[in-house]
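Residue-level structure breakdown
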Amino acid sequence: MSGMFPSFRWHLVCSLLWFGACPGWAGSFDGLLYDATRYANTPERREAKAVARAELVAQLPDSLRAALDHIHGDHVGLQVLVMEWVLTLPSESMVPALAERLDDARPETRRFAAYALGFHPSAAEANTERVMALLDEDLTRGAAVRALGKWKVGAARPAMERLLVEGHERQRVVAANALRDLGDAAVVPALIGALGDPVFTVRNVAARALVSYGAAAEAALASAVDVPPAMAVRIRADLGVMAADEALGDPGVVLDGDFFLP
Amino acid sequence: MMHQHYPTHETLAARPARGRSPARCLVLWWCMTGWPVAAEPGPQWAPLLAEPVMEQVDRGLGALAMTRADVRFDKNIGEPQWALGWVTNALVAVWPLAEVAEALIAVAENGEAAAWWGAAERWMELAPVEEPPVVWWPGPEDDRLAAALARFEQRMARAATGREQAFRRVAEPDRVYLAAAVLAGELATEDDEAARAVLAAAGLPRTVQERVEAEGRALDGTATALAWLALAGEVDRAALRQAGVMAQQAAAELAEALADHDDWPDVVTVRDTELGRIVIGTTGSDVFAGEALLVLDPGGDDTYRDGPGAANGLTGPGLAVVVDLGGDDVYRADGLLGAGSALWGVAVVLDRAGDDVVQGAFLGAGSALAGAAWHEDLAGDDRYRHGVMAQGAGQVGFGFLIDRAGNDMYDVGTCGQAYAGVMGWGVLVDDAGHDRYLAGNRKKDHERNDDRFLSLAQGFAIGWRPHAGGGVAALIDRAGNDTYVADIYGQGVSYYYAAGFLLDGGGHDTYSVYQYGQGCGIHLSLGVLADAAGDDRYDGYILAQGAAHDFSVGMLFDLDGNDTYTADHHAQGRALNNAFALLVDRAGDDAYFARQREQAQGIGNSGGHRDYGSLALLVDLGGADRYSGGFSNRVITLRPLYGAVVDHERDGVAE
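Residues numbered from 1 in each chain as written. Chains lettered and ligands numbered in written order. Predicted model: local features only at pLDDT ≥ 70, side-chain atom pairs only at ≥ 80, totals over all residues.

Per the secondary structure count, chain B includes 12 helices and 42 strands. At 24 Å, chain B has a C-alpha radius of gyration in line with the 26 Å of a compact globule built from 655 residues. For chain B, the proportion of its 655 residues judged to be buried stands at 64%. Taking the intrachain contacts of chain B between residues at least 6 apart in sequence as the baseline, contacts between residues at least 24 apart amount to 77%. (Helix = DSSP H or I, 4+ residues; strand = E, 2+ residues; numbered from the N terminus. Rg over C-alpha atoms; globule rule 2.2 N^0.38 Å. Buried ≥ 20, exposed ≤ 12 C-beta atoms within 10 Å, placed from the backbone. Contact = placed C-beta atoms within 7 Å.)

Right, let's talk about the overall build of chain A for a bit. Summing up its helical and strand segments, chain A has 16 helices and one strand in all. The buried share among the 262 residues of chain A stands at 52%.

All names here are of chain B. Of all six residues in strand β29 (residues 526-531), six are buried; the element is thus mostly enclosed. As defined by bridge partners, strand β25 (residues 499-504) adjoins β29 across six bridges and the pair is classed as parallel. The partner of Leu502 across the bridge, within β29, is Leu529. (Pairing = 2+ DSSP bridges.)

Quick look at the packing of helix α11 (residues 169-182) of chain A against helix α13 (residues 200-212) of chain A now. All names here are of chain A. In the contact formed by α11 and α13, the axes pass within 9 Å of each other and the chain directions differ by 0 degrees. Our classification of the angle between α11 and α13 gives roughly parallel. Facing Glu169, Arg172, Val173, Ala176, Asn177, Leu179 and Arg180 of α11, the residues of α13 in contact are Thr201, Val202, Val205, Ala206, Arg208, Ala209 and Ser212. For the contact of α11 with α13, the per-class residue count stands at seven nonpolar, three polar and four charged. (Axes fitted to C-alpha atoms, helices over the stretch in contact; angles between N-to-C directions. Parallel < 35°, antiparallel > 145°, perpendicular 65-115°, else oblique. Nonpolar A, V, L, I, M, F, W, Y, C, P; charged D, E, K, R; others polar.)

Counted residue by residue, strand β1 (residues 269-273) of chain B has zero buried out of five residues, so it is predominantly exposed. In textbook terms, the turn of a hairpin is the stretch between consecutive antiparallel strands, and for β1(B) and strand β2 (residues 276-280) of chain B this stretch comprises two residues.

Let's shift gears to unusual backbone geometry. Generally, phi is negative for residues other than glycine and the peptide bonds are trans, each holding for most cases. Residues and elements named next belong to chain B. The linkage connecting Arg465 with the following residue, Pro466, adopts the cis geometry, with an omega of 0 degrees. A cis amide bond, omega -15 degrees, links Leu641 with the succeeding residue Tyr642. Residue Leu456 is not a glycine yet carries a positive backbone phi of 55 degrees. Mapped onto the elements of the fold, Leu456 is located in strand β19 (residues 449-457). Positive phi values are uncommon outside glycine, yet Tyr489 reaches one of about 70 degrees.

Our next topic: the environment of Val235(B). Residue and element names in this part refer to chain B. Within the secondary structure, Val235 sits in the loop between α11 (222-233) and α12 (237-258). Spatially, the C-alpha atom of Val235 lies 6.8 Å from that of Arg169, the residues being 66 residues apart in sequence. Once residues within four sequence positions are removed from consideration, Val235 is found in contact with Ala166, Phe167, Val170, Leu240, Ala370 and Val396.

Moving on to the packing of helix α7 (residues 144-167) of chain B against α12(B). Residue and element names in this part refer to chain B. Relative to each other, α7 and α12 sit at 170 degrees, their axes nearing to 7 Å. The angle between α7 and α12 falls in the class roughly antiparallel. Together, Leu145, Ala148, Arg151, Phe152, Arg155, Met156, Arg158, Ala159, Gly162, Arg163, Gln165 and Ala166 of α7 and Ala239, Leu240, Gln242, Ala243, Met246, Ala247, Gln249, Ala250, Glu253, Leu254, Ala257 and Leu258 of α12 make up the contact between the two elements. Of the residues contributing to the contact of α7 with α12, the split by class is 15 nonpolar, four polar and five charged.

To continue, consider the confidence of the model for chain A. It should be kept in mind that the predicted coordinates are not to be read in detail where pLDDT is low. Residues and elements named next belong to chain A. Within chain A, residue pLDDT values average 91, and 90% of them lie at 70 or more. Here residues 1-16 scores under 50 on pLDDT; set against residues more than four positions off or in separate chains, the count is 77 contacts. Under a pLDDT of 50 for its full length, residues 18-26 has, in the predicted model, 30 contacts with residues more than four places off or in other chains. (pLDDT = per-residue confidence, 0-100.)

This part is about the interface of chain A and chain B. Each partner contributes residues to the interface: chain A has 49 residues there, and chain B has 60 residues. Counting only elements with at least two residues in the side of chain A that touches chain B, the list comes to α1 (10-17), α2 (29-37), α11, α13, α15 (229-239) and β1 (253-255) of chain A. A per-class count over the side of chain A that touches chain B returns 27 nonpolar, 14 polar and eight charged. Across three bridges, β1(A) lies against strand β41 (residues 636-639) of chain B in parallel orientation. What sits directly across from Val254(A), in β41(B), is Thr637(B).

Residues and elements named next belong to chain A. Between its first and last C-alpha, α11 extends 20 Å over 14 residues, near the 20 Å set by a 1.5 Å rise per residue. Burial analysis of α11 places 11 of its 14 residues in the buried class, which makes it a mostly covered element. For α11, the complete set of buried residues consists of Arg172, Val173, Val174, Ala175, Ala176, Asn177, Ala178, Leu179, Arg180, Asp181 and Leu182. For α11, the elements touching its buried residues are α9 (138-150), α10 (157-166), α12 (188-193) and α13. Immediately beyond the C-terminal end of α11, within one or two residues, lies Gly183, with a positive phi of roughly 70 degrees. (Expected span 1.5 Å × (residues − 1).)

On to the environment of Val528(B), then. Mapped onto the secondary structure, Val528(B) falls in strand β29. Sequence-distant contacts of Val528(B), that is, excluding residues within four places in its chain, are made with Leu97(B), Ala101(B), Gly492(B), Phe501(B), Gly519(B) and Met555(B).

This part is about the environment of Glu55(B). On the secondary structure map, Glu55(B) appears in helix α3 (residues 51-63). In this structure, the C-alpha to C-alpha distance between Glu55(B) and Cys520(B), residues 465 residues apart in sequence, is 23 Å.

Before going further, it helps to examine the domain arrangement of chain B. Residues and elements named next belong to chain B. Under the domain assignment, chain B is made up of domain 1 (1-111 + 445-655), domain 2 (114-169 + 235-430) and domain 3 (172-233). Centre-to-centre separation of domain 1 and domain 2, based on C-alpha positions: 33 Å. Among the elements that make up the side of domain 1 that touches domain 2, the one with the highest residue count is strand β21 (residues 472-477) (six residues). Looking at the side of domain 1 that touches domain 2 residue by residue, the classes come out as 23 nonpolar, eight polar and two charged. (Domains from an automatic or database assignment.)

All right, on to the confidence of the model for chain B then. Residues and elements named next belong to chain B. Mean pLDDT over chain B stands at 93; residues scoring 70 or higher make up 93%. Overall, residues 1-38 carries pLDDT values under 50, and its contacts beyond four positions in sequence, including any with other chains, amount to 55 contacts. The ipTM value of the predicted complex is 0.92, and its pTM value is 0.93.

Here is the structure:
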């Protein structure tokens, strides 16, 4: 399959098409990472892959440090492997190595470290200040805002609200979600302001965030001006204070599920 | 040159005029004025996004508290070093993608070879090449064959000049490396000793294969990827296309001039020229083998073994033409290059008549790697069977397979039946007949679907993530009851800054794919399937039938007929992970079946850890329809995160 790419690298090619080992590289972390992420198109390579993955987990956090040396690169399979660890393994085996990379020379690595630490609330206390520092960089700002939201760092609220207005589209999405994660009803006015965003991706996460604030959002909406009416009634419907068909106002339209909630 | 990255068109529109490349000019023109006006598709085709369709799209968007502008949400989030400007822009401004499909249909209906070469120039964003005016020497007046050959040689001299111009900036060792970097992986040389020998025989020595295999073991391949792209960018693809034009014209003119010629030699004759050997066959059943500039055969059931019509610039002059005027012929190749394939070269096969068999173990029937290849068959029920990168396939080059008539069978392992890699153009056009297309059954889809096969075919284009976008692949079948069978990646699908199209005209057609296909974009990419008429069957399992995943765009248009759609999940207007998906069925009593109700039919999702939605529309404009999701006719149903099933009766027809 690799020929669809100008790439000779069968394993990498397949790890791109599929998040995607010949044994013989045992020993170094690079060798283990290669076996653990290569396209395993033979039983032997699958066995080597399983062995390498187990060995890498056994050698955490040093194996994570080795993987993070390459996280900025083009190896999607390696990035997927590290994210699997981040999402499934205990914080004590993840956080120290990730936190070290908040000061990495490569912005891509700093960004990844901040993003990954956001999945580990226990990392907050020791690393909030360092992640706050990443708000100053365009490349790392979104990841930092996300992590700080997950950690419920109120001090980051001004930066989040600023990003909700000034950021590019995906940064505005991240900011709205972070303001939801903060759980502080003081953010409601900022979220209401985002209901008029030019793009639905931002409008709808802002609406969902408002729904999470319940009565505070309902009260604020009642007095807000310049809120798109269709958004206001749909938020009220998701809050349970208005029927969905009333919010839709058109018998030719029905709602399957909620307006904004998953 | 590579390293050109096209920003979003809002940015580009504001860019000062200085220093624009022709491609950028094209993109800027589009930004300001809309797409260039294309010839109208034929009568069976209506505009894919005609006003009645857009009215319903608008109704669906309105019901979602959106407008057309919302479809422009950001999907251009990659930073490839090379990508087509229009592909990049269509990720955001998605509607013109349908117009590209219409333009390709119009070219197919025009049918002229020149129109196809023009399309390649236009959609691959190449600068026009000025062909200096020339007065062709007519050749000796008293010898029709000699005169035709004289004109052929003159045109091929131009093709040779164009070829040299195209490759002038790439040194010989770099040519070997560039090709090995593609083919060592494609043929799995690391595991396959026979493949190593095949490549070595084609001019790609084992030492170079080992180099690229070693590079493939790096945990970060960025440096080698960028080096490869730099080399590929040194190929002058505009000049290469022009060389292809000249060779294809040379073959067409030769065939035309001699179509009714009746004075042929009794034995096969051979003449050596500066550009290579010219071989003239007989009206009997001849056997041709070995490299030649031209094999010209007047008729009979002939056999072509490795060499004729295969242009390998690594081992020879890199120009190869076959003109066969009649008979049931067999083209067979066991080596890397089959008839109608080019590697650092230009190849043309023109077969005017007969039920032919075209087989190649690997490349063939209009496939090019750093080359231009044209394979045209004018009549007969033909069978095409190849291993890989075949039947209208291009990478850093242009591959065309044009079959004008007959009930044909196409069989390829992977990467064929309209396939385009980086800087590639791959087109398969079948004008008539009830045809069957099979792609797969060679390479397992290990680790994802162990019991299934990769297809990567039937209008499939792919880039090199994250470094480069792919090209344009289009399979266009204009008529007949056709059957398309693919497994993983097939039928109007693409991957990473690329565009894949499957466009079918009349007939009751059957489409089958397991995963990734039938109007599907995967990872920042564009896929379109459009079917003009007939009672069609669409069968898929996952990510199919107007589906898109990961900042992509997928569209399926069915213009008429009573159609049946079946799938398991992520199908039938399903946008996954911040993508845009559209299924439009304009008429007929249709049925939409999906096993997983919450994963199909006009529905988005939350984007995983990205935590925001997509946009999906299933729009049905007529007929009494059935939805496994239980959706009602003449109702707009809003679905989660974010999507809608828009069922509309255009004429107020009751169910």
